[in-house]
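A closer look at the structure
Listed below are the residues making up each chain.
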There are 2 protein chains.
Amino acid sequence: MLQTTEFYPTRERYTEGRFPRNEPVIHASPVQRAEGPLSEYELEKYERDGFLSMEGYFSPEEVAPFFDELDQIEKDPVMCEKDQVIMDPNQQKVRSVFDMHNISSAFDRMTRHPHLLSMVQQLLGSEVYIHQSRINDKSGFCGNGFEWHSDFETWHSEDGMPAMRAVSASIMLTDNNAFNGPLMLIPGSHQSFVPCPGETPDNNWTESLKTQTVGVPPREALADLANAGGIEQPLGPAGSLLLFECNTLHASNANMSPWPRSNLFFVYNSVDNRLQQPFSGKAPRPGFLGARENTRPLTAVRP
Amino acid sequence: MLQTTEFYPTRERYTEGRFPRNEPVIHASPVQRAEGPLSEYELEKYERDGFLSMEGYFSPEEVAPFFDELDQIEKDPVMCEKDQVIMDPNQQKVRSVFDMHNISSAFDRMTRHPHLLSMVQQLLGSEVYIHQSRINDKSGFCGNGFEWHSDFETWHSEDGMPAMRAVSASIMLTDNNAFNGPLMLIPGSHQSFVPCPGETPDNNWTESLKTQTVGVPPREALADLANAGGIEQPLGPAGSLLLFECNTLHASNANMSPWPRSNLFFVYNSVDNRLQQPFSGKAPRPGFLGARENTRPLTAVRP
């Protein structure tokens, strides 16, 4: 059997062009497909586009406490000094906080919400654990954008995730509108692996989480994929949910509005896809970016 | 009678807060209002919002030649060296070309298109001339955004435009969609003058046309206005037209798509509002940014 590195050559092993995905998008067995909770219609949409948007899945009231918790972190100077808290490059504002499910029991319970967990288990066709959790925060007028990228490209290179068998759940903590820097995705882009030129610097994560320069696909490939699939930006009120496949290309623009944009991200990985050594050959990133120790299967818990 | 500088203190005369607009938005006499070409409904919309969007006003075929002309300028190294051609700060790509109506007879004729001219004459209630003309171009993946600003704030400070009696006509040369950095406006913001802190540097225009730092309203004022009026981004196919009042706050985000975004801007000023000495006390900007010599009233010409 071919090694996954031969399917997914990038960075140190950069090759021009695009490689067709070599594994399923939905890992559910036929029985799991039929059992739900996602309908065949929803599964087909996710399979085709690489994401599934569910406007208003949770109520604004259900997610409001998480937004307050973020506020508290921003006001805690000890917390702000930690590696897992990433500041905006141009502003003294929090951009991301990682490992939220290990900081806060409310976040931990949310990752194990029975509805969320059963959808993700169905998509990945197995038990799952949290590979990474984070809040991304863009304050009014100050949040910078994120360049186009595939999360899998980074997780494969820098964390040693062997295969495309992970899914991100993004929960909007504030309304996401056209002006506060919502997530953009290229439908269908998850069907290709786009190698990215450039070598991975040592401790790349200390910079890449602020401004990504390595792991950015060539513009020609992005243009081809966007011309084929278009670009979409799922919008919605606080509580809306987006499930997106680990290889779907996504980006976001700056927040030009006075309205903050905060989204929660839980990355679920299949227990059959646990991390190996990073394929870039570098040292693994810290555990708050790619879990190596706590990879026990999640069990559902009522929120 | 009060001097306009007392109504519009900014930069060197910065005062916190916001000042109510001291002059009409529509300068048409009752007879001119009734005569058209803009209907009472359209006039009221423009009066309330500070802009009027007309999707597909011209056909894509009518505007295609202008896009080709821009292409030729980008390929002309002599042209690219001129002051009136502004390059993108991060990329060796053209961001703006000024004085298009003096470079190209096709542009000149377009500024005098009878439909366009009669709408603008109605809004300004007088004969008009071109204060400034330009193309703004955002190449795929590389166009930077523009910060929130009022054109009038700059034209008053740096060009000596005495009153709010000018209107910009923006014609889309390419489709403007949610992803290629379309213009955003704050409806109703034209009803306030927002003083901007900071002194005007000598020859500010050599930097401000790339990245604006002076003439940017305080965030609190922007937030108040956006919370009151919201934000809108008129989208549409090539040929769409936007008329916007000189004091309406506008901005745009980066172009995150592979699709270029090029818009033509003609700024029409009333012949009763010709430039004086700049209110910043600095030397006037070059004629391609604010016309001082060729200010004869425009006469219509068939395109």
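This write-up is about the structure you can find in this document. Everything quoted here is computed from the prediction, not taken from an experiment.

1. What about the interface of chain A and chain B?
- Contacts between the two partners involve 25 residues from chain A, matched on the other side by 25 residues from chain B.
- Counting each side, the surface lost to burial between chain A and chain B is near 2,000 Å², with a carbon and sulfur contribution of 66%.
- Considering only the surface of chain A that becomes buried against chain B, F141(A), F179(A) and M256(A) emerge as the three largest contributors, covering 33% of it.
- Where chain A meets chain B, there are 0 salt bridges.

2. Observations regarding the side chain of D159(A)
Residue and element names in this part refer to chain A.
- Relative to the assigned elements, D159 resides in helix α9 (residues 151–159).
- According to the relative accessible area criterion, D159 is buried, its value standing at 1%.
- Within the structure, the side chain of D159 is placed 2.8 Å from the side chain of R285, a separation counted as a polar contact.
- Apart from residues no more than four positions distant in its own chain, D159 is found in contact with H131, T154, L275, Q276, P278, R285, L289, G290 and R292.

3. Focus on the packing of aromatic side chains
- Within the structure shown, the criterion is met by 18 aromatic pairs over all chains.
- Ring centres of Y8(A) and F152(A) lie 5.1 Å apart, and the angle between their planes is 75°; on these two criteria the pair is classed as edge-to-face. With Y8(A) in the loop between α1 (4–7) and β1 (19–20) and F152(A) in helix α9, the pair connects residues that are 144 residues apart, well separated along the chain. Both residues of the pair, Y8(A) and F152(A), belong to the buried class.
- Ring geometry for F244(B) and F265(B): centres 6.1 Å apart, planes at 85°, overall edge-to-face. One end of the pair, F244(B), is in strand β10 (residues 241–245); the other, F265(B), is in strand β12 (residues 261–270), and 21 residues separate them in sequence. Of the two residues examined, F244(B) and F265(B), each falls in the buried class.

4. Details of unusual backbone geometry
All names here are of chain A.
- The omega angle of the peptide bond from G36 to P37 is 15°, so this bond is cis rather than trans.
- Unusually for a residue other than glycine, R11 sits at a positive phi of about 55°.
- Mapping R11 onto the fold places it in the loop between α1 and β1.

5. Re the relation of the copies chain A and chain B
- Between chain A and chain B, which share one sequence, the superposing operator has a rotation angle of 180° and an axial displacement of 0.0 Å; the RMSD is 0.0 Å. Such a combination of rotation and displacement between the chain copies is what one expects of a two-fold axis.
- Both copies present the same face, since 100% of the interface residues in chain A are matched by interface residues at the equivalent positions in chain B.

6. Overview of the environment of R296(B)
Residues and elements named next belong to chain B.
- Mapped onto the secondary structure, R296 falls in the segment after β12.
- Overall, R296 belongs to the exposed group, its relative accessible area being 60%.
- Beyond its immediate sequence surroundings of up to four residues, R296 is in contact with V128, Y129 and R274.
- There is a polar contact of 3.5 Å between the side chain of R296 and the side chain of N294.

7. Details of the pattern of salt bridges
- Throughout the structure, instances matching the rule amount to 24 salt bridges over all chains.
- The salt bridge partner of D224(B) is R18(B), with a shortest N-O separation of 3.7 Å. Taken together, the residues span a long stretch of sequence, with D224(B) in helix α11 (residues 219–229) and R18(B) in the loop between α1 (4–7) and β1 (19–20) at a distance of 206 residues.
- The exposure class assigned to R18(B) is partly exposed, which follows from its relative accessible area of 39%.
- Among the charged side chains, a salt-bridge network with shared partners connects R11(A), E153(A), E158(A), D159(A) and R285(A).

8. Describing the pairing of strand β12 (residues 261–270) of chain A
All names here are of chain A.
- Where burial is concerned, most of β12 is hidden: 10 out of the 10 residues are buried.
- Burial of β12 is two-sided: the residues R261, N263, F265, V267 and N269 facing one way and the residues S262, L264, F266, Y268 and S270 facing the other way are all buried.
- The pairing of strand β5 (residues 128–138) with β12 spans 10 bridges and is antiparallel. Paired with N136 across the bridge in β12 is N263.
- Pairing of strand β7 (residues 166–172) with β12, which is carried by 7 bridges, proceeds in the antiparallel orientation.

9. Some details on the environment of D175(A)
Residue and element names in this part refer to chain A.
- Examined against the element boundaries, D175 turns out to sit in the loop between β7 and β8 (183–185).
- Given the relative accessible area of 45%, D175 is considered partly exposed.
- As for D175 and A251, which are separated by 76 residues in sequence, their C-alpha atoms are 18 Å apart.
- Here D175 is in contact with N180, G236, P237, A238 and P260, once residues within four sequence places are set aside.
- Separated by 3.0 Å, the side chain of D175 and the backbone nitrogen of A238 make a polar contact.

The rules behind each value
Each chain has its residues counted from 1, running along the sequence as written. Note on labels: chains are lettered from A, ligands numbered from 1, in written order. Local features in this predicted model are restricted to residues of pLDDT 70 or higher, and side-chain atom pairs are both shown and tallied only at a pLDDT of 80 or more, whereas totals for entire chains, interfaces and linings draw on every residue. Water and hydrogen atoms were dropped before computing side-chain values, which therefore reflect all heavy atoms in the structure. In this description, contact between two residues means that some pair of their heavy atoms is separated by no more than 4.5 Å. In this description, buried area is defined as the sum, over both parts, of the accessible area (probe of 1.4 Å) that is lost when the two are combined. Note on definitions: salt bridges are taken to be side-chain nitrogens of Lys or Arg within 4 Å of carboxyl oxygens of Asp or Glu. Secondary structure elements are defined from DSSP: runs of H or I of at least 4 residues count as helices, runs of E of at least 2 residues count as strands, and each element is numbered from the N terminus. Classification of residues uses two cut-offs on accessible area relative to the type maximum, computed with a 1.4 Å probe and protein chains only: under 20% is buried, over 50% is exposed, and between them is partly exposed. Whenever a nitrogen or oxygen atom comes within 3.5 Å of another N or O atom, the pair is scored as a polar contact, on the condition that within protein one atom can donate a hydrogen and the other can accept it, and that pairs from neighbouring residues in sequence are kept only if both atoms are in side chains. The aromatic pairing rule takes the rings of Phe, Tyr and Trp, using the six-membered ring of Trp, and pairs them if the centres are within 6.5 Å, calling planes under 30 degrees apart stacked, those over 60 edge-to-face and the rest tilted. Only residues with pLDDT of at least 70 in both copies count here: their C-alpha atoms drive the least-squares fit that superposes the copies. Think of it this way: DSSP has to see at least two bridges between two strands before they count as a pair.

So, to be careful, I would describe these as geometric facts and stop short of saying anything about function.
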